[in-house]
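Below, each chain spelled out in residue letters.
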Amino acid sequence: MMRRFYQLEQLIREVFLRDAFPEYEDPQVRRMARAVHSLPRFHRQLFCLVRYENWSYDEIAACFDISVRRVEIEMGRTFFMLSLSLDRQKRKGW
């Protein structure tokens, strides 16, 4: 149930971000920026901490007071949502 809620939230955010990031000339970079910003807040935080801040799953689990396994599961969902978003944007010609 929550998965569908996250996907719906992401779809709505994508619509508002359609014309965002014109400063990126490369369409793939622009799509990735829109995909990251369309993620629900928790998943965007996880992604940014892992990819940009180089936090380990252990550090994230301690910070959010959740298990390491939960971090792994949510990161999997994050990558799944990112791939869906990138595919949708490419199909729509954004």
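All values derive from a computational prediction rather than experimental measurement. (Residues numbered from 1 in each chain as written. Predicted model: local features only at pLDDT ≥ 70, side-chain atom pairs only at ≥ 80, totals over all residues. Heavy atoms only, no water.)

Comments concerning the overall build of the protein chain
Counting secondary structure elements, the protein chain contains five helices and zero strands. Counting from the amino terminus, the protein chain carries its helices and strands in the arrangement α-α-α-α-α. Overall size of the protein chain, expressed as C-alpha extent along the three principal axes, is 40 × 30 × 15 Å. Burial analysis of the protein chain (94 residues in total) assigns 36% to the buried set. Residue pairs at least 24 apart in sequence account for 61% of intrachain contacts in the protein chain once pairs closer than 6 positions are excluded. Summed over all atoms, the accessible surface of the protein chain reaches about 6300 Å², with 55% contributed by carbon and sulfur. One way to put it: in the protein chain the 17 positive side-chain charges average out to a point 9 Å from where the 13 negative ones average out. (Helix = DSSP H or I, 4+ residues; strand = E, 2+ residues; numbered from the N terminus. Buried < 20%, exposed > 50% of the residue type's maximum accessible area, 1.4 Å probe, protein only. Contact = heavy atoms within 4.5 Å. Areas by Shrake-Rupley, 256 points an atom, 1.4 Å probe, with all protein chains shown as cover. Lys, Arg positive; Asp, Glu negative; His and termini not counted. Charge placed at Lys NZ, Arg CZ, Asp CG, Glu CD.)

Brief notes about helix α5 (residues 68-92)
Between its terminal C-alpha atoms α5 stretches 36 Å, which fits the 36 Å expected from 25 residues at 1.5 Å a residue. Among the residues of α5, V71, E74, M75, T78, M81, L82, S85, L86, R88 and Q89 are the ones counted as buried. Immediately beyond the C-terminal end of α5, within one or two residues, lies G93, with a positive phi of roughly 80 degrees. (Expected span 1.5 Å × (residues − 1).)

A few points about the state of the cysteines
Considering all chains together, one arrives at zero disulfides under this definition. The thiol sulfur of C48 is not disulfide-bonded, and the nearest other cysteine sulfur, from C63, lies at 13 Å. (Disulfide = S-S within 2.5 Å.)

Some thoughts on the UniProt feature "domain: RNA polymerase sigma factor 70 region 4 type" (unreviewed entry) in the protein chain
Within the UniProt annotation, "domain: RNA polymerase sigma factor 70 region 4 type" (unreviewed entry) is assigned to residues 32-77. Helix makes up 78% of residues 32-77 and strand 0%, whereas the separation of the span's terminal C-alpha atoms amounts to 16 Å. (UniProt positions renumbered as here; feature names shortened; annotations may be inferred.)

Here's the deal with the environment of F64
Here F64 lies in helix α4 (residues 57-64). Note on F64: relative accessible area 27%, which makes it partly exposed. Remark: the alpha-carbon pair of F64 and S38, spanning 26 residues in sequence, is separated by 21 Å. Setting aside anything within four residues of it in sequence, one finds F64 in contact with F42, Q45, L46 and L49.

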